[in-house]
Amino acid sequence: MTAYYCIVDVCGTLVKDDTTIGLLRWHFARHRHWRLWLLNCLTARWSPLRLLVASMEKVTGRHLLKHGLVRLLNGDSIAEVQESASGYADWLLSHRRVEHVTTLLEGSKARDEGLVLASASLEPIVAALASRLGARFVASALASSQGRHLGRYAHDLTGQKLVALDELLTKDWRQNASLAISDNLTDRALLASVRQAYVVVHSPRHRARWGDFRAEYLPAC
């Protein structure tokens, strides 16, 4: 029997949030922690601290913000972060789903088999979402020891989705993956690997970046 796969990105595709930032905000808010203030300073659009980090990223060519955000989890209990991810996942699926993607998935065989979430977001939230959708997943893993997070990545999936999917799925998944959905330009190779590609677009400027890439385009609203 031929395997069927539907590969779906998470942030900006399945749901409207950046789920790394969203999970941290949800987690820190639950614990009334000072780190929520620092997180907001690092992620607010016109925050001087965010602008400083963005400037440093341009100079160094490194993704300083994403690693700095994960650093905020240093010492936190794995169980507590998973509990936060559980509550956040329920809220996302109730309030922040991208409607056109939800409709597409409900009308496909992904409801019954083959749904795979492929995201560079943090494993706790991607795993929680996958559990609720009956899906498998690949995501960025967090380093931990003795039940607590170490504030760094064990494996960052950015730019590595195809490699991770090769490890998770059958050897011929690229031939059998009928459908893939993403809003990320970095997922062009993944989208080009399947028979039907869908791109979620957030603005006319975002659509223009895709040029003449062959896909069906879905509005994010």
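Residues numbered from 1 in each chain as written. Predicted model: local features only at pLDDT ≥ 70, side-chain atom pairs only at ≥ 80, totals over all residues. Heavy atoms only, no water.

### Digging into the environment of Ala164
Test applied: Runs of E in the DSSP output that reach at least two residues are strands. Runs of H or I that reach at least four are helices, and both are numbered from the N terminus. When checking whether two residues touch, look at their non-hydrogen atoms; a contact exists if any pair is within 4.5 Å.
Tracing the chain through its elements places Ala164 in helix H8 (residues 161–168). With 27 residues separating them along the chain, Ala164 and Phe137 place their C-alpha atoms 9.4 Å apart. Once you skip the residues sitting within four places of it in the chain, Ala164 turns out to touch Val138 and Leu157.

### A closer look at the side chain of Arg35
Positionally, Arg35 belongs in helix H2 (residues 35–43). Aside from chain neighbours lying at most four places away, what touches Arg35 is Phe28, Leu72, Leu73, Asn74 and Asp76.

### Some details on the packing of aromatic side chains
Stated precisely, the cut-off is as follows: For Phe, Tyr and Trp, rings pair up if their centres lie within 6.5 Å, where Trp contributes its six-membered ring, and each pair is then called stacked (planes under 30 degrees apart), edge-to-face (over 60) or tilted (otherwise). Consider the ring centre and the ring normal. A charge sits over the ring if Lys NZ or Arg CZ is within 6 Å of that centre and within 35 degrees of that normal.
Here the structure, examined in full by the defined rule, presents four aromatic pairs. Relative to Tyr88, the ring of Trp26 lies with its centre 5.6 Å away and its plane at 40 degrees, an arrangement referred to as tilted. One end of the pair, Trp26, is in helix H1 (residues 19–30); the other, Tyr88, is in helix H5 (residues 78–95), and 62 residues separate them in sequence. Centroid distance Tyr88 to Trp91: 6.2 Å. Interplanar angle 20 degrees. Geometry classified as stacked. With a gap of three residues between them, Tyr88 and Trp91 both fall in helix H5, about one helical turn apart. The lysine or arginine in question, Arg207, covers the ring of Tyr217, its NZ or CZ lying 3.7 Å from the ring centre.

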